[in-house]
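Each chain, written out:
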Amino acid sequence: MTDMDRLAGWIPLFLSMRDAKAQVDWGYMGAERFTEPFCHDTLARLAARPFNQLLRQQSSLELLLERASSHPGLPLQGMVFHLSRCGSTLVAQWLSALTDSVVLSEPEAVDSLLQWPAPAAGAETIRALLAALGQPRRVADRRLFLKTDCWHTAHIDRLLAAYPDTPWIFLYRDPLEVLVSHQRMPGWHLVPGSMKAHGLQPPDELMSQPLGHGAWVLSVILEQARHAMQHHGNGLLINYDELPDALENRLAAHLGIDLARQDVESLRALTGRSAKRAYMAFQPDGADKRAAADSAVLEMVERWLIEPYQSLEKIRKEKGSA
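Since the structure is predicted, the reported quantities are computational estimates derived from the model, not experimental observations.

Undergrad: Would you mind going over empty space enclosed by the protein with me for this structure?
TA: Over the atoms, a rolling probe the size of a water molecule traces out where space has been left empty. For the structure shown, the criterion picks out one cavity of 30 Å³ or more. Lining the largest cavity we find F34, T35, E36, P37, C39, A92, Q93, S96, V103 and S105. When contributions to the lining of the largest cavity are tallied by element, the ones reaching two or more residues are α5 (88-96) and β5 (101-105). Sorting elements by how many residues they give to the lining of the largest cavity places α5 first, with three residues. When its residues are assigned to classes, the lining of the largest cavity shows five nonpolar, four polar and one charged.

As structure tokens, this is what we get:
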């Protein structure tokens, strides 16, 4: 049995550097699908199984690259970048509900790879990793979508260069609402120093201010999205306020999705539920978040976020009227 055959049905659980050498840890997934809101939940469940704990396989990065030639995976048909807390999980779940698609939602291995310097993390390696993660799970599967972590927008040039002809979107929201959400339930990028490996190092004054650290990171995300819209083709801006209608009237066409071949009523039913808690009905909360903004949040939005947000809104509206 060749190394290629030995890994049939296996998937990269995570990447690591050991003794300055890149290593891939594989777990057996078989025909299971990514159906949970985040890849991490699926992969953590797989990794915890006794079979994968006892018989987990390891390989070099070279084998991952070689395997991409014989197992190219599904073609990447779209990438989803986002500001955070702005509907990206809804979009990923909507795409996952399509009858012919595999969705990778914030896979941990991609996060690890983007922290590595070139050449280990070049375009070829990015494509090989997505090929291994994006194998067909059903006979009907025809395409792959990637939803990144919000801070991966800092690497948007690298990702778009690896897939120059692939459509992509950037989801965003009034940054005041986003920051209030993080004030209530902090995201990882609010931890001072957490984004250093991704090249995001805020001013020293913010290293003791978690919310300020997060506001600065969000400002870079908005700036990178603006840069990408100005220098790369195939991009689409979607504001949270346009959801869920934009899924059908803008997103589908941009990503080449033929809704005539889909169960549209089921897709619409999905958008009426909370993306992260499917047992709950979706409730708009923008007004509540704006009302809850304190003076510290208002000051950070004014200092770091309002200008790049308004610039993106200008681009979105100009392209919408073109």
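And the narrative resumes.
Undergrad: Where do I start with the layout of surface pockets in this structure?
TA: Here the second largest pocket defines a volume of roughly 170 Å³. Of all the elements in the fold, those that place two or more residues in the lining of the second largest pocket are α4 (61-70) and α7 (123-133). No other element matches α7, which puts five residues into the lining of the second largest pocket.

Undergrad: Can you walk me through the packing of aromatic side chains in this structure?
TA: Aromatic ring pairs are described here by two measures, namely the spacing of the ring centres and the angle between the planes. Enumeration according to the criterion identifies six aromatic pairs in this entry. Arranged with centres 5.8 Å apart and planes meeting at 70°, the rings of Y172 and Y309 form a pair that is edge-to-face. On the criterion of sequence distance, the pair formed by Y172 in strand β7 (residues 168-172) and Y309 in helix α14 (residues 295-321) is long-range, its members being 137 residues apart. With a relative accessible area of 11%, Y309 lands in the buried category. Among the aromatic residues, those joined into a cluster by ring pairs are W10, Y28 and F51. For R173, the ring lying beneath its charged end belongs to Y240, and the centroid distance is 3.8 Å.

Undergrad: Looking at this structure, I do not really get the nonpolar core. What am I missing?
TA: What tends to happen in soluble globular proteins is that the nonpolar side chains get buried as a cluster. Grouped together as the largest cluster of nonpolar side chains are 102 residues, with contacts concentrated most on L95 and F170. Broken down by element, this core gets its largest block of residues, eleven residues, from helix α10 (residues 210-231). Excluding anything up to four places from it in sequence, F170 contacts F81, H82, L83, T153, I221, L222, A225, L236, L237, I238 and L312.

Undergrad: Explain the sheet that holds strand β4 (residues 76-82) to me, please; I cannot follow it from the model alone.
TA: One open sheet holds the five strands; their spatial order is β5-β6-β4-β7-β8, and the pairing between them is parallel. Of all the strands in the sheet, just β5 and β8 (235-239) have a single pairing partner and so form its edges. Across the sheet, the mean angle separating the axes of adjacent strands is 20° when strand polarity is ignored. Pairing of β4 with strand β6 (residues 143-147), which is carried by four bridges, proceeds in the parallel orientation. Paired with V80 across the two strands is K147, which belongs to β6.

Scoring rules and cut-offs
- Residues numbered from 1 in each chain as written.
- Predicted model: local features only at pLDDT ≥ 70, side-chain atom pairs only at ≥ 80, totals over all residues.
- Heavy atoms only, no water.
- 1 Å grid on protein atoms, 1.4 Å probe; cavity = no way out; pocket = protein on both sides within 12 Å on 5 of 7 lines; lining within 4 Å.
- Points joined across faces, edges and corners; volume = space filled by probe spheres on them.
- Helix = DSSP H or I, 4+ residues; strand = E, 2+ residues; numbered from the N terminus.
- Nonpolar A, V, L, I, M, F, W, Y, C, P; charged D, E, K, R; others polar.
- Phe/Tyr/Trp six-rings, centres within 6.5 Å; stacked < 30°, edge-to-face > 60°.
- Buried < 20%, exposed > 50% of the residue type's maximum accessible area, 1.4 Å probe, protein only.
- Lys NZ or Arg CZ within 6 Å of the ring centre and 35° of its normal.
- Core = buried A, V, L, I, M, F, W, Y, C linked by side-chain atoms within 4.5 Å.
- Contact = heavy atoms within 4.5 Å.
- Pairing = 2+ DSSP bridges.
- Axes fitted to C-alpha atoms, helices over the stretch in contact; angles between N-to-C directions.

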